[in-house]
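Residue-level listing of the chains:
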Amino acid sequence: MNLVLLGAPGSGKGTQGEVLSQHYNLKKIALGDILREERSEGTSLGNKVKKYMEEGVLVPDDIIKEVMGNKIQDNGFLIDGFPRNINQAKMLEDILAEKKLELNAVIYLDVSEDTIVRRLTGRRICSKCGALYHVVNMPSKEEGKCDKCGAELIMRKDDKEDTVRKRWEVFMGNTHALIDYYSKKNLLMKADGNLDKDRVFNIIRENLSR
Ligand code: AP5
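Everything in this summary refers to the structure shown in the same document. (Residues numbered from 1 in each chain as written. Predicted model: local features only at pLDDT ≥ 70, side-chain atom pairs only at ≥ 80, totals over all residues. Heavy atoms only, no water.)

**Some thoughts on the packing of helix 6 (residues 113-122) against helix 7 (residues 161-175)**
Part 1 of the argument: Two numbers describe how helix 6 lies on helix 7: the axes approach to 10 Å, and their chain directions differ by 140 degrees. Considering the angle they form, helix 6 stands oblique to helix 7. Relative to helix 7, helix 6 is oriented so that their crossing is right-handed. Taking contact as the criterion, the partners of E113, I116, V117, L120 and T121 in helix 6 are, on helix 7, E161, V164, R165, R167 and W168.
Part 2 of the argument: A breakdown of the residues in the contact of helix 6 with helix 7 according to their chemical character gives 5 nonpolar, 1 polar and 4 charged. (Axes fitted to C-alpha atoms, helices over the stretch in contact; angles between N-to-C directions. Helix = DSSP H or I, 4+ residues; strand = E, 2+ residues; numbered from the N terminus. Parallel < 35°, antiparallel > 145°, perpendicular 65-115°, else oblique. Left-handed = near helix turned anticlockwise from the far one by under 90°. Contact = heavy atoms within 4.5 Å. Nonpolar A, V, L, I, M, F, W, Y, C, P; charged D, E, K, R; others polar.)

**A word on the site of the ligand**
Part 1 of the argument: Around the ligand lies a shell of 35 residues, among which T15, V57, R84, R123 and R167 are the nearest.
Part 2 of the argument: The separation between an oxygen atom of the ligand and a polar main-chain atom of G10 is 2.9 Å.
Part 3 of the argument: Between a nitrogen atom of the ligand and a main-chain N or O atom of K197, the distance comes to 3.2 Å.
Part 4 of the argument: Relative to its unbound accessible area of 1000 Å², the ligand is 96% covered by the protein chains.
Part 5 of the argument: Counting only elements with at least two residues in the shell around the ligand, the list comes to helix 1 (13-24), helix 2 (31-40), helix 6 and strand 6 (132-134).
Part 6 of the argument: In terms of residue count, the dominant contributor to the shell around the ligand is helix 2 (4 residues).
Part 7 of the argument: For the shell around the ligand, the class distribution of residues is 15 nonpolar, 11 polar and 9 charged. (Near = heavy atom within 4 Å. Polar contact = N/O pair within 3.5 Å; in protein donor to acceptor, adjacent residues only side chain to side chain. Areas by Shrake-Rupley, 256 points an atom, 1.4 Å probe, with all protein chains shown as cover.)

**Some words on the sheet that holds strand 8 (residues 188-192)**
Part 1 of the argument: The sheet built from 5 strands is open, its strands ordered 2-3-1-4-8 with parallel pairing. Whereas interior strands pair on both sides, the edge strands pair on one side only; in this sheet they are strand 2 (27-30) and strand 8. Shown here is a sheet whose adjacent strand axes are inclined to one another by a mean of 20 degrees, direction ignored.
Part 2 of the argument: Looking at chain direction, strand 4 (residues 105-110) and strand 8 are connected through 5 bridges and run parallel. (Pairing = 2+ DSSP bridges.)

**Things to note about the environment of K185**
Part 1 of the argument: Secondary-structure assignment places K185 in the loop between helix 8 (177-184) and strand 8.
Part 2 of the argument: Residue classification places K185 among the partly exposed positions, given a relative accessible area of 40%.
Part 3 of the argument: C-alpha separation for the pair K185 and A105, spaced 80 residues apart in sequence, amounts to 9.9 Å. (Buried < 20%, exposed > 50% of the residue type's maximum accessible area, 1.4 Å probe, protein only.)

Here is the structure:
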């Protein structure tokens, strides 16, 4: 099965991506995580994308093409964070056509702007293993420490309220058009991302089993 997770920042793509990839044994390709890794390693690609990511705007498509080109090799993948505009959707179609692969579904996590501001300003991430927490919805057992590895929990720079609102605008101006695009291709599967994470997962699972 080959899936794409589509949704606004904070809609739960990372959260659902983790459980779905484990449940269905899919290779998770999370573009935001890949770019952050490049930045933390200080590569030339990482330096190129830093400014865009900190401002909460999209990294230019030519850079994204360079990154995505060799990430998809075989069936059994789940992509989080790509495509984010129509041009990138066509880029994905070219990559899949070249590898003779097909997309089975695009899962759209539908959330409100209020939900994402609440979620992202409260999100905390383990500085070592990347585990996700939320100060209210999913707190760690010991404040500021990861339950899994004990490392420090940090806040992403682009999770400040002003930047979150900017990212929402970018989503509405670029990515939202993909809902219609994939709906016309009969690939769109919508789930209410405002619900709690287990309910969202169950809705997706039920839809995929139909
Ligand atoms: P990226 O890292 O992909 O960020 P994003 O799309 O803005 O999404 P987030 O990771 O912030 O949120 P999420 O939907 O994964 O939610 P999460 O599960 O963490 O991209 C960052 C930047 O990279 C972009 O701004 C851009 O600059 C660049 N970029 C990336 N891809 C690009 C592309 N294709 N083209 C150009 N540029 C690109 O959940 C959020 C919080 O809510 C967590 O605390 C979680 O615990 C909590 N939560 C999750 N689900 C629930 C729930 N159901 N109920 C309650 N709490 C929940």
